[in-house]
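# Chains, contacts and geometry: an overview
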Amino acid sequence: MRHFRRSLTRAAITAGLALLGACSSATGPSEPSFVFFTQAVFGFPSRAPGVDIVDGDVQLTGILNAPTTTYTILGELDRPIPSSLNITVRANKSGDGPAALAQHYYAATVKNLPSGKYNVQLTYIIQRDVTDSSVVLLQSVTVP
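Residues numbered from 1 in each chain as written. Predicted model: local features only at pLDDT ≥ 70, side-chain atom pairs only at ≥ 80, totals over all residues. Heavy atoms only, no water.

## Description of the packing of aromatic side chains
The line we're drawing: The aromatic pairing rule takes the rings of Phe, Tyr and Trp, using the six-membered ring of Trp, and pairs them if the centres are within 6.5 Å, calling planes under 30 degrees apart stacked, those over 60 edge-to-face and the rest tilted. Burial status follows relative accessibility: with a 1.4 Å probe on protein chains alone, a residue under 20% of its type maximum counts as buried, one over 50% as exposed, and anything between as partly exposed. Runs of E in the DSSP output that reach at least two residues are strands. Runs of H or I that reach at least four are helices, and both are numbered from the N terminus.
If you walk through the whole model with that rule in mind, you get 4 aromatic pairs. Note on phenylalanine 34 and phenylalanine 36: the rings are 6.4 Å apart at their centroids and 20° apart in plane angle, and the pair reads as stacked. By relative accessible area, which is 25% here, phenylalanine 34 ends up partly exposed. Exposure remark for phenylalanine 36: the relative accessible area of 23% places this residue in the partly exposed category. With 6.0 Å between their ring centres and 90° between their planes, tyrosine 106 and tyrosine 124 make a pair best called edge-to-face. One end of the pair, tyrosine 106, is in strand S6 (residues 102-111); the other, tyrosine 124, is in strand S7 (residues 116-126), with 18 residues separating them in the sequence.

Here you go:
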């Protein structure tokens, strides 16, 4: 019985090492990740969106004005090529409400980027009777 357990233990260790070898190493580069935060705000002055490098991450912040308070705000990241960061902030109509302007603060953060130069594009898409789309920021940034 002891021999059988020892064989199973060896097999488990061998399988574990094989799986570990198949995975990327702990020090290897990881895939960039995207984190999006938004919150309704009131009475903020309009301001242009901005991009900053914060602790090696690319962070875009701004205020999106939606036609009513019934809009849901979503963020998306697209990387058609490794040196591009195309971020979309989308306002989707989720119901009917009074035509009162609603402000939404947002922070879109791209993490785990390798060092290098990136072309950042920020686009707003607002769903209305006809969908409005506009590029609101084009900027090159360098991640140290």
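## A few points about the sheet that holds S7
As a general point, the strands of a sheet are linked pairwise by backbone hydrogen bonds and lie either parallel or antiparallel. Note the following rule: One bridge is not enough; two strands pair if DSSP finds at least two bridges between them. Fitting a line to C-alpha atoms yields each axis, with helices limited to the stretch in contact; the angle taken between N-to-C directions then spans 0 to 180 degrees.
Read across the sheet, 4 strands follow the order S4-S5-S7-S8 without closing on themselves; strand pairing throughout is mixed. Sheet topology places strand S4 (71-78) and strand S8 (132-143) at the edges, where each strand pairs with a single neighbour. Pairwise comparison of adjacent strand axes, ignoring direction, gives a mean angle of 15° for this sheet. Of the strand pairs in this sheet, S7 and S8 are connected by 11 bridges, and their pairing is antiparallel. Paired with glycine 116 across the two strands is valine 143, which belongs to S8.

## Thoughts on the pairing of strand S2 (residues 50-54)
Looking along a regular strand, one sees the side chains alternate between the two faces of the sheet. Pairing geometry for S2 and strand S3 (residues 57-66), over 5 bridges, is antiparallel. Bridging across to S3, glycine 50 finds its partner in threonine 61.

## Description of the sheet that holds S6
Judged by pairing direction, the sheet is antiparallel, and its 4 strands sit side by side in the order S1-S6-S3-S2 without closing on themselves. What marks the edges here is a single partner per strand, and that holds for strand S1 (33-41) and S2. If you compare each strand with its neighbour and ignore which way they point, the axes differ by 20° on average.

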